[in-house]
Amino acid sequence: MVIPYDALRSGRSGGSVAQRLQDTFHLPALNSSVSKARRRALTVLREWGMDEELGADAELVVSELFTNAVRHTDSVKIICSLRIVGSRLRVEVVDQGCAEVEPRVRDSEDEGGRGLLLVGAVADDWGVRPHESGRGQVVWAYLSHGRPTR
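The model shown is predicted, which means the values in this text are computed figures rather than measured ones.

**Student:** Describe the pairing of strand E4 (residues 125-130), listing the residues and the values that go with them.
**Tutor:** Consecutive residues of a regular strand have side chains that alternate between opposite faces of the sheet. Two elements, E4 and strand E5 (residues 137-144), share six bridges in a ladder whose sense is antiparallel. Bridge pairing in E5 places Gly127 opposite Trp140.

The following block contains the structure:
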């Protein structure tokens, strides 16, 4: 459930802003799910009233992290979370595991594999950690955002 930013600001949501500006969804680990994940992220951020620059950066980050999870793991589903933490957006993509190697930035001369270079260029910070279940990993990124547009 996505709660509109105006409802949060006016206190009609029944909770604090920090607790409610979050969205988690999962999609099948298919190439066709990447565009659905991008659209979902952009829609959520628009509903929250976030600026277009954050939307574009988040769209890129979700696309790259989701694509990596689809291509490099044997996941059946991929989970994506968007959450406002202070003045930043935290994007997390969780796979179900069995990647041959941990995600890493490749040399810019390599054919393909430049997605994490792009993530590093737009994100304040990003990283990888094992999932609590012991299977899979969480790739996360923080993006700064301006004030809501509403």
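**Student:** Can you tell me about the pairing of strand E3 (residues 88-94), naming the residues and giving the values?
**Tutor:** The element E3 is extensively covered by neighbouring structure, given that six of its seven residues are classed as buried. Bridge analysis of strand E2 (residues 77-85) against E3 gives seven bridges, and the strand direction is antiparallel. Residue Val85 lies in a different strand from E3, and its bridge partner there is Arg88. Linking two consecutive strands that pair antiparallel, namely E2 and E3, is a turn of two residues; a positive phi of about 65° is found at Gly86 within it. Summarising the sheet, E3 and E5 pair through seven bridges and their orientation is antiparallel. In the sheet register, Arg88 faces E5, and the bridge partner there is Ser144.

**Student:** An account of the nonpolar core is needed here, citing residue identities and associated values.
**Tutor:** With 32 residues, the main nonpolar core has Trp48, Phe66, Leu82, Leu89 and Leu143 as its most contacted residues. Within the residue set of this core, elements represented by two or more residues are strand E1 (22-28), helix H3 (31-47), helix H4 (52-72), E2, E3, helix H5 (115-122) and E5. No other element matches the eight residues that H4 contributes to this core. Those residues within four positions of Leu82 in sequence are excluded, and the remaining contacts are Leu21, Gln22, Asp23, Ala41, Val44, Trp48, Val62, Leu89, Arg90 and Val91.

**Student:** So, H4: which residues are in play, and what are the values?
**Tutor:** Quick reminder: α-helices carry 3.6 residues per turn. Residues three or four places apart thus point the same way. In this model, H4 (21 residues) spans 30 Å end to end at C-alpha, consistent with the 30 Å of a helix rising 1.5 Å per residue. Two or three places before Glu53, at the opening of H4, Asp51 has a side-chain oxygen 3.2 Å from that residue's backbone nitrogen.

**Student:** I'd like a rundown of the side chain of Arg90, residues and numbers included.
**Tutor:** Tracing the chain through its elements places Arg90 in strand E3. At a separation of 2.7 Å, a polar atom in the side chain of Arg90 contacts the side chain of Glu92. Setting aside anything within four residues of it in sequence, one finds Arg90 in contact with Ser81, Leu82, Arg83, Val85, Arg129, Trp140, Ala141 and Tyr142.

**Student:** Mind laying out the packing of H3 against H4, listing which residues take part and the relevant values?
**Tutor:** Packing of H3 against H4 leaves a shortest axis separation of 9 Å and a crossing angle of 155°. In terms of axis orientation, H3 runs roughly antiparallel to H4. The way H3 lies across H4 gives a crossing that is right-handed. Taking contact as the criterion, the partners of Asn31, Ser33, Val34, Ala37, Arg38, Ala41, Leu42 and Leu45 in H3 are, on H4, Leu54, Gly55, Ala58, Glu59, Val62, Ser63, Phe66, Thr67 and Val70. Of the residues in the contact of H3 with H4, the class split is 10 nonpolar, five polar and two charged.

**Student:** I'd like a rundown of the pattern of salt bridges, residues and numbers included.
**Tutor:** A complete count under the given rule lists six salt bridges for this structure. Salt-bridge contacts for Arg135 lead to Asp74; the nearest nitrogen and oxygen are separated by 3.5 Å. With Arg135 in the loop between E4 and E5 and Asp74 in the loop between H4 and E2, the pair connects residues that are 61 residues apart, well separated along the chain. Given a relative accessible area of 43%, Arg135 falls into the partly exposed group. Classification of Asp74 as partly exposed rests on a relative accessible area of 42%. Linking Asp124 and Arg88 is a salt bridge whose minimum nitrogen-to-oxygen distance equals 3.9 Å. Residue Asp124 is found in the loop between H5 and E4, and its partner Arg88 is found in strand E3; the two are separated by 36 residues along the sequence. In this structure Asp124 comes out as partly exposed when scored by relative accessible area, which is 41%.

Cut-offs applied
- Residues numbered from 1 in each chain as written.
- Predicted model: local features only at pLDDT ≥ 70, side-chain atom pairs only at ≥ 80, totals over all residues.
- Heavy atoms only, no water.
- Pairing = 2+ DSSP bridges.
- Helix = DSSP H or I, 4+ residues; strand = E, 2+ residues; numbered from the N terminus.
- Buried < 20%, exposed > 50% of the residue type's maximum accessible area, 1.4 Å probe, protein only.
- Core = buried A, V, L, I, M, F, W, Y, C linked by side-chain atoms within 4.5 Å.
- Contact = heavy atoms within 4.5 Å.
- Expected span 1.5 Å × (residues − 1).
- Polar contact = N/O pair within 3.5 Å; in protein donor to acceptor, adjacent residues only side chain to side chain.
- Axes fitted to C-alpha atoms, helices over the stretch in contact; angles between N-to-C directions.
- Parallel < 35°, antiparallel > 145°, perpendicular 65-115°, else oblique.
- Left-handed = near helix turned anticlockwise from the far one by under 90°.
- Nonpolar A, V, L, I, M, F, W, Y, C, P; charged D, E, K, R; others polar.
- Salt bridge = Lys/Arg side-chain N within 4 Å of Asp/Glu carboxyl O.

Everything listed is a geometric property; what it means functionally is a separate question.
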